[in-house]
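Secondary and tertiary structure notes
The primary structure of each chain is shown beneath.
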Amino acid sequence: MDKEQYLGVSVSPYTYDEIIADLKKRIAAGEQSTVIAVNPEKVITAGRDPLVKELINESTYQIADGIGMIIASKLKKGQLKERVTGVDMMGRLLQFAADEGHGVFFYGAKEEVVRTAKEKLEAKIPNLRVAGYANGYVQDQEALVQAIRESGATLLFVALGSPRQELWIKENMPKLPNVKVFQGVGGSFDVYSGKVKRAPAFYRKFGLEWLYRLMKEPKRLKRQMALPKFLLKILVQK
């Protein structure tokens with residue numbers, strides 16, 4: 001399935017299940033894969049920053065994390081069927097790892113957050129094997145990479161914020177040949193640890209998480225202006 005382009009940024013028109021099925025084949029073939037979430041704010045940033053655009057477009061899967069991407073696809077008569085959020089993609093990948101017997105490694109966030117996320121996920125997902133974890137304040141990067149390598153983990157989740165996490169993944173992928181799936185997960189550890197509450201199911205179902213967050217944090221208004229700006233650019237481009 002061909003990727004779609006929005007203002008020069010690639011987006012994969014895959015569902016959660018299609019990504020998992022494709023990843024299973026790639027792991028079996030010994031290939032490394034990267035997963036990056038794409039939303040209107042990130043597309044606008046990519047328009048200003050060539051490095052961000054490069055990091056997105058070089059990824060194996062650019063998931064449509066944001067209702068704005070689905071609206072844009074409809075405007076362009078594209079093939080995006082559903083939102084594929086970063087936090088839910090991580091959940092699906094963890095279940096996949098548990099089912100297939102793959103070890104996972106968590107890197108990023110504060111010590112208490114990543115440790116609590118690890119403990120809660122182990123309690124929630126039977127057979128999940130967290131091979132190791134490290135907070136986002138590790139100074140000795142060489143020792144960290146060695147620890148990840150020695151853990152035997154097949155999937156690595158990096159929570160350093162974007163684009164820092166994607167830069168870290170790009171730099172360290174060649175040093176971690178046993179890791180086959182890399183995902184930059186932003187604030188997902190905060191969600192899985194319980195520190196941050198997700199929007200209620202109603203808001204998630206209709207792609208209104210942005211509205212819920214805006215009501216909780218009005219200071220996000222400036223960031224949320226990326227959505228109308230993005231859609232206007234799509235319409236003009238069309």
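Criteria and cut-off values
- For every chain, the first residue of its written sequence is number 1, and the numbers climb from 1 along that sequence.
- It should be noted that, the model being predicted, local features are given only for residues of pLDDT at least 70 and side-chain atom pairs only at 80 or more, the latter also being counted only at that level, while totals for whole chains, interfaces and linings use all residues.
- Excluded from the side-chain calculations are hydrogens and water; all other atoms, namely the structure's heavy atoms, are used.
- Two strands form a pair only when DSSP identifies at least two bridges running between them.
- The secondary structure listing takes helices from DSSP runs of H or I that are at least 4 residues long and strands from runs of E that are at least 2 residues long, numbered from the N terminus.
- The axes used here are C-alpha line fits, helices contributing only the stretch in contact, and every angle between their N-to-C directions lies in the interval 0 to 180 degrees.
- Note on classification: 1.4 Å probe, protein chains only; a residue is buried when its accessible area is under 20% of the maximum for its type, exposed when over 50%, partly exposed between these limits.
- Think of a polar contact as two N or O atoms within 3.5 Å of one another; within protein, one of them needs to be a possible hydrogen donor and the other a possible acceptor, and neighboring residues in sequence only count if both atoms come from side chains.
- Contact between two residues is taken to exist if any of their heavy atoms lie within 4.5 Å; hydrogens are not considered.
- Just so you know how the angles are binned, under 35 degrees is roughly parallel, over 145 roughly antiparallel, 65 to 115 roughly perpendicular, and the rest oblique.
- Crossings are assigned a handedness: left-handed for a near helix turned anticlockwise from the far helix by less than a right angle, right-handed for a clockwise turn.
- Residue classes follow a fixed rule: Ala, Val, Leu, Ile, Met, Phe, Trp, Tyr, Cys and Pro count as nonpolar, while Asp, Glu, Lys and Arg count as charged, and any other residue, Gly among them, counts as polar.
- Think of a 1 Å grid over just the protein atoms. A cavity is a set of points where a 1.4 Å probe fits yet cannot get out, a pocket is an open set with protein on both sides within 12 Å along at least five of seven lines, and lining residues have an atom within 4 Å of a point.
- Grid points are joined across faces, edges and corners, and a volume is the space filled by probe spheres set on the points.

Strand pairing in a sheet is mediated by backbone hydrogen bonds. Such pairs are either parallel or antiparallel. Spatially, β4-β3-β8-β7-β5-β6 is the arrangement adopted by the six strands of the open sheet, whose pairing is parallel. For this open sheet the edge positions go to β4 (61-64) and β6 (129-134), each flanked by a neighbour on one side alone. Taken over all neighbouring pairs, the strand axes of this sheet differ in orientation by 20 degrees on average, direction set aside. Pairing analysis gives five bridges linking strand β5 (residues 103-108) to β6, with the strands arranged parallel. Pairing of Phe105 across the sheet is with Gly132, part of β6.

Bringing unusual backbone geometry into the picture now. Omega for the peptide link from Ser162 to Pro163 comes to 10 degrees, which places this bond in the cis form. Tracing the backbone through its elements, the reader meets Pro163 in the loop between β7 (155-159) and α8 (164-172). The residue Leu7 is not glycine, and still its phi comes out positive at about 55 degrees. With respect to the helices and strands, Leu7 occurs in the loop between β1 (4-6) and β2 (9-11). The phi dihedral of Asn127 falls on the positive side, at around 70 degrees, and the residue is not glycine.

On to the side chain of Asn135. The topology assignment puts Asn135 in the loop between β6 and α7 (141-151). The exposure class of Asn135 is buried, given its relative accessible area of 17%. In terms of polar contacts, Asn135 uses its side chain to reach the side chain of Glu111, at 2.9 Å. Of note is the side chain of Asn135, whose polar atom sits 2.8 Å from the backbone nitrogen of Tyr137. If we ignore the near neighbours within four places in the chain, the residues touching Asn135 are Tyr107, Gly108, Ala109, Lys110, Glu111 and Val114.

One can find Tyr212 in helix α11 (residues 209-216). Using a relative accessible area of 17% as the deciding quantity, one classes Tyr212 as buried. Separated by 201 residues in sequence, Tyr212 and Val11 have C-alpha atoms that sit 25 Å apart. If near-sequence neighbours (up to four positions away) are discounted, Tyr212 is found in contact with Arg198, Ala199, Pro200 and Tyr203.

The interhelical angle for the contact between helix α4 (residues 67-75) and helix α13 (residues 226-237), taken along N-to-C directions, is 15 degrees, at an axis separation of 10 Å. Here α4 is positioned roughly parallel relative to α13, judged by the angle of their axes. The interaxial crossing formed by α4 with α13 has right-handed handedness. Contacts between α4 and α13 involve Gly68, Met69, Ile71, Ala72 and Leu75 on the former and, on the latter, Leu227, Phe230, Leu231, Ile234 and Leu235. Here the residues of the contact of α4 with α13 sort into nine nonpolar, one polar and no charged.

This next bit is on the layout of surface pockets. The rolling of a water-molecule-sized probe over the atoms marks out the regions of remaining empty space. One number sums up the size of the second largest pocket: a volume of about 200 Å³. Lining the second largest pocket we find 14 residues, and of these Ala109, Lys110, Tyr137, Ala159 and Asp190 sit closest to its centre. Counted by class, the lining of the second largest pocket contains six nonpolar, four polar and four charged residues.

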